[in-house]
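Here's the letter readout for the chains.
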Amino acid sequence: MNSPAPSALSRTSSTMAELTEALQRSERMRQRRFEWLPMRGSVHTDVQGRGPGPSTSAEGLADLITSISAAGVLHPVLIEELPQSDGSVNQRLVIGERRYRACRWGAVNQPDNPHFEALPAVICPGPITDEERRTWQLVENLAREDLQPGELAKALLLERSAILHAQLRNAEIYVDEAILLIEDPVLRFQALEKLRGSAADLAAPWPLVLRRLGLQITARRARELVSAFRTLPREVSSDMDEHQVSLAARTNLARLTRGRREAASEIWQAVKRLGRSDLLSAVVKAKTQDPELSAEEAVTAASTMREDANAARSAALTRTSDEQDDEPDAHQQNDAADEPAGAGPGPADGEHVAEPQSPAPTAAVPSIPAGEDRPEDPAPEAEPAPPVDPDVASGALDSLRVLNGQLAEGRVLHRFDAGSLRMLLTDLNRRLPADRTTERTAA
């Protein structure tokens, strides 16, 4: 695995520092303490959030259970203490449900393993706010790995909801408690937006959302993340997070299906069955070109196109390599240039050297009268060529800058793509003589 570039590390460290500072500003979070929750006997947590499903079943937790059995739980869960009317305190799990379920399973099925005896937990007085919960989630996720597009979109929507709720409360607009309990972040935000109506001064602007979350992304990217998350089914978005599907591929799928969730799910499942999540954009392209294709047929077409493209690139790279191998070495060319024509290795001492033979007569080359063009002379200057589309040039430059930045961060380009890029740059270099440029005019 490639190490992040220093710039990426500094950005992550800066974000972590901002999020940690946000936690320290919370009165409840400042009172947090560390404890070990016993897994045998009475359990002090009331699981909430994600319900039982594939990701929380014994099969879905197999890798996590194996990891915990060998090394224990490395990241503590978060527990909030809720005071009850009778004076008692109920402890509720806020973050870490998969770790909790894995330890519960291990305590029952591997009772002799000490790693399943207790679960490390950070406990703080509750109830904690949505903002505190999301901040803790971001700190935990950034400490483990980069957030996936679906996770980040959910955090953005929930933070916008929290800001919008505060704006409505300050404007003395009543917000039903049931709205704040809506689990789906899209539905919660839509319900709050309905209460806001057309009051622009009560909106939750993106710069404020990003600043409060400590995220260093643009407002445009935030909108793209949320748009793809809104359009795609929630289970598909979560599944794509697990397979690390890029935002671009999600956006392409969302545009193709236009809110038809069943169609989006069908295409994703077809890609997933093949085990080729990297083909998603190619499948969307195949469906766009031929809408009559079924999801399975589009996957087959995309797979065939990818294999053909890779084979063509491989053949082109092989030809390029062979041509380079056939070219004489530069030093050999220089040495040959210093020798007289037809000269070979020098004779050894005492070796007889034959007299040079007279060159064979050649046909006379007809002279060309003065003032006439030679055959190789350029043709008369033609009309000026039309300029390149400015949007095409700007788009290409922007894409190359992004690619160059990612390569500078240590990311790796597929060898076929790298070979194609080299050939394309060589071809472009041949087409970019100084006399074919033009001044850019203001639009």
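All values reported here derive from a predicted model rather than from experimental measurement.

Reading the values: the criteria
- Residues numbered from 1 in each chain as written.
- Predicted model: local features only at pLDDT ≥ 70, side-chain atom pairs only at ≥ 80, totals over all residues.
- Heavy atoms only, no water.
- Phe/Tyr/Trp six-rings, centres within 6.5 Å; stacked < 30°, edge-to-face > 60°.
- Lys NZ or Arg CZ within 6 Å of the ring centre and 35° of its normal.
- Axes fitted to C-alpha atoms, helices over the stretch in contact; angles between N-to-C directions.
- Helix = DSSP H or I, 4+ residues; strand = E, 2+ residues; numbered from the N terminus.
- Parallel < 35°, antiparallel > 145°, perpendicular 65-115°, else oblique.
- Left-handed = near helix turned anticlockwise from the far one by under 90°.
- Contact = heavy atoms within 4.5 Å.
- Nonpolar A, V, L, I, M, F, W, Y, C, P; charged D, E, K, R; others polar.
- Pairing = 2+ DSSP bridges.
- pLDDT = per-residue confidence, 0-100.
- Buried < 20%, exposed > 50% of the residue type's maximum accessible area, 1.4 Å probe, protein only.
- Salt bridge = Lys/Arg side-chain N within 4 Å of Asp/Glu carboxyl O.

**Student:** Mind laying out the packing of aromatic side chains, listing which residues take part and the relevant values?
**Tutor:** The final tally for this structure, using the stated rule, is one aromatic pair. Judged by centre distance (5.8 Å) and plane angle (90 degrees), the rings of Phe-34 and Trp-36 are edge-to-face. One cation-aromatic arrangement involves Arg-234 over Phe-229; the distance from NZ or CZ to the ring centre is 4.7 Å.

**Student:** Explain the packing of helix H10 (residues 219–231) against helix H12 (residues 247–257) to me, and be specific about the residues and the numbers.
**Tutor:** Relative to each other, H10 and H12 sit at 50 degrees, their axes nearing to 9 Å. Here H10 is positioned oblique relative to H12, judged by the angle of their axes. Viewed along their axes, H10 and H12 form a crossing whose handedness is left-handed. Contacts from Arg-221, Glu-224, Leu-225, Ala-228 and Thr-231 in H10 reach Leu-247, Arg-250, Thr-251 and Ala-254 in H12. Looking at the contact of H10 with H12 residue by residue, the classes come out as four nonpolar, two polar and three charged.

**Student:** Break down the sheet that holds strand S4 (residues 118–125) for me, with residues and values.
**Tutor:** Pairing is mixed across the open sheet formed by four strands, whose spatial order is S1-S4-S2-S3. Pairing within the sheet leaves two strands with one partner each, and these edge strands are strand S1 (33–38) and strand S3 (89–95). Pairwise comparison of adjacent strand axes, ignoring direction, gives a mean angle of 40 degrees for this sheet. Bridge analysis of strand S2 (residues 77–83) against S4 gives five bridges, and the strand direction is parallel. Paired with Glu-80 across the strands is Cys-124, a residue of S4. Of the strands in this sheet, S2, S3 and S4 are in contact with helix H4 (residues 97–109), which crosses S3 at around 110 degrees.

**Student:** Account for the confidence of the model for the protein, with residues named and values stated.
**Tutor:** Of the residues in the protein, 67% have a pLDDT of 70 or more, and the chain-wide mean is 74. Taken element by element, the predicted model of the protein shows its lowest mean pLDDT in helix H16 (residues 330–338) (47) and its highest in helix H8 (residues 185–196) (93).

**Student:** Outline the pairing of S3, supporting the account with residue identities and numerical values.
**Tutor:** In this sheet, S3 lies alongside S2 in antiparallel orientation, the contact comprising six bridges. Of the residues in S3, the one forming a bridge with Leu-82 is Asn-90. Where S2 hands over to S3, the hairpin turn is made up of five residues, of which Gly-87 adopts a positive phi near 95 degrees.

**Student:** Can you tell me about the environment of Leu-274, naming the residues and giving the values?
**Tutor:** Assignment of secondary structure puts Leu-274 in helix H13 (residues 261–274). Residue Leu-274 is classed as partly exposed on the basis of its relative accessible area of 44%. Remark: the alpha-carbon pair of Leu-274 and Glu-296, spanning 22 residues in sequence, is separated by 9.4 Å. In this structure Leu-274 touches Leu-279, Val-299 and Ser-303, once residues within four positions along its chain are discounted.

**Student:** For the pattern of salt bridges, give the residues involved together with the corresponding values.
**Tutor:** For the structure shown, the criterion picks out 12 salt bridges. Close ionic contact of Arg-276 with Asp-278 constitutes a salt bridge, the shortest N to O distance being 2.9 Å. When its relative accessible area of 43% is taken as the criterion, Asp-278 is described as partly exposed. One network of salt bridges, with partners in common, ties together Arg-33, Glu-35 and Glu-81.

**Student:** Now, about unusual backbone geometry: what can you tell me, with residues and values included?
**Tutor:** Backbone geometry follows two general trends: most residues other than glycine have a negative phi, and most peptide bonds adopt the trans configuration. Even without being a glycine, Glu-172 presents a positive backbone phi close to 60 degrees. Here Glu-172 is to be found in the loop between helix H6 (149–170) and helix H7 (177–180). Residue classification places Glu-172 among the exposed residues on the basis of a relative accessible area of 74%. Although it is not a glycine, Gln-244 sits at a positive phi angle of roughly 55 degrees. Here Gln-244 falls in the exposed class, since its relative accessible area comes to 55%.

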